[in-house]
Amino acid sequence: MVKVYSRKPQNAEKAVRSSGANIRVHFKNTYETANAIRGMKLKQARGYLKDVMAHKQAVPFFRFTGGLSRHAQAKRWGTNVCRWPVKSCKALLTLIDNALANAKAKSLDESKLTINHIQVNQAPKAAAGPTVPTAASTLSCPTPATSSSSLRLVRPTSRRPLPPLRPRRGPSAFSAVS
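Quick look at the structure, then.

Thresholds applied
- Residues numbered from 1 in each chain as written.
- Predicted model: local features only at pLDDT ≥ 70, side-chain atom pairs only at ≥ 80, totals over all residues.
- Heavy atoms only, no water.
- Helix = DSSP H or I, 4+ residues; strand = E, 2+ residues; numbered from the N terminus.
- Contact = heavy atoms within 4.5 Å.
- Areas by Shrake-Rupley, 256 points an atom, 1.4 Å probe, with all protein chains shown as cover.
- Axes fitted to C-alpha atoms, helices over the stretch in contact; angles between N-to-C directions.
- Parallel < 35°, antiparallel > 145°, perpendicular 65-115°, else oblique.
- Left-handed = near helix turned anticlockwise from the far one by under 90°.
- Nonpolar A, V, L, I, M, F, W, Y, C, P; charged D, E, K, R; others polar.
- Core = buried A, V, L, I, M, F, W, Y, C linked by side-chain atoms within 4.5 Å.
- Buried < 20%, exposed > 50% of the residue type's maximum accessible area, 1.4 Å probe, protein only.

## Some remarks on the overall build of the protein
And step 1. Each helix and strand in the protein was counted, giving five helices and two strands.
And step 2. What you see in the protein, going N to C, is helices and strands ordered as α-α-β-β-α-α-α.
And step 3. Sequence separation of 24 or more characterises 65% of the internal contacts of the protein that already satisfy a separation of 6 or more.
And step 4. Counting only carbon and sulfur atoms, one obtains 55% of the accessible surface of the protein, whose full area is about 14100 Å².

Next up, the structure:
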């Protein structure tokens, strides 16, 4: 499948791109972290993200500020709300490392590369509840599937089994009235 980017660079020979899809990180933290590194050089952005992971610098929060406490490290950005999203920083570091590798492949000068466009989209929600086997997972079983084992692919529940049905007391709805 071809990767589709939301923006095309003006000069494709002097630009590198990197993308990730459905990364298991919080959207709001990654959004604010991406806004913090927008406009930085790649080496500067790597250093900033490593400092955030070491709690030497913080990521300012401007849009998603509900319930966040105030910290003095946010004064650098002109606000008082910040966080240290380690998991989001690791995800963005891998994207930056990928972009640096792409720059080496194109033989571009890494010290001059800046982050001109960075975009974070929310990933689709993961399905909740028991997993349902697909045709591919059922056919790829190493042991032959019998009728009892193919029905046991769903997660076991902790509920006790239902009691057997008892006959109704009183007149039935289907009984003939004389």
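## Quick word on the packing of helix α1 (residues 27–37) against helix α2 (residues 42–53)
And step 1. Relative orientation of the contacting elements α1 and α2 amounts to 135 degrees, with a least axis distance of 10 Å. Taken together, α1 and α2 sit at an angle that is classed as oblique. You can see that α1 and α2 cross each other, and the crossing is right-handed. Touching Thr33, Ala36 and Ile37 of α1 are Ala45, Tyr48 and Leu49, all from α2.
And step 2. For the contact of α1 with α2, a count of residues per class yields five nonpolar, one polar and no charged.

## Describing the nonpolar core
And step 1. Among the nonpolar cores identified, the biggest contains 24 residues, and Ile37, Leu42, Tyr48, Leu49, Ile96 and Ile115 are the most heavily contacted of them.
And step 2. Contributions of two or more residues to this core are made by α1, α2 and α3 (86–105).
And step 3. The leading source of residues in this core is α3, at seven residues.
And step 4. If we skip the residues at most four places from it in the chain, isoleucine 115 touches Ile37, Arg38, Gly39, Met40, Leu42, Ala45 and Ile96.

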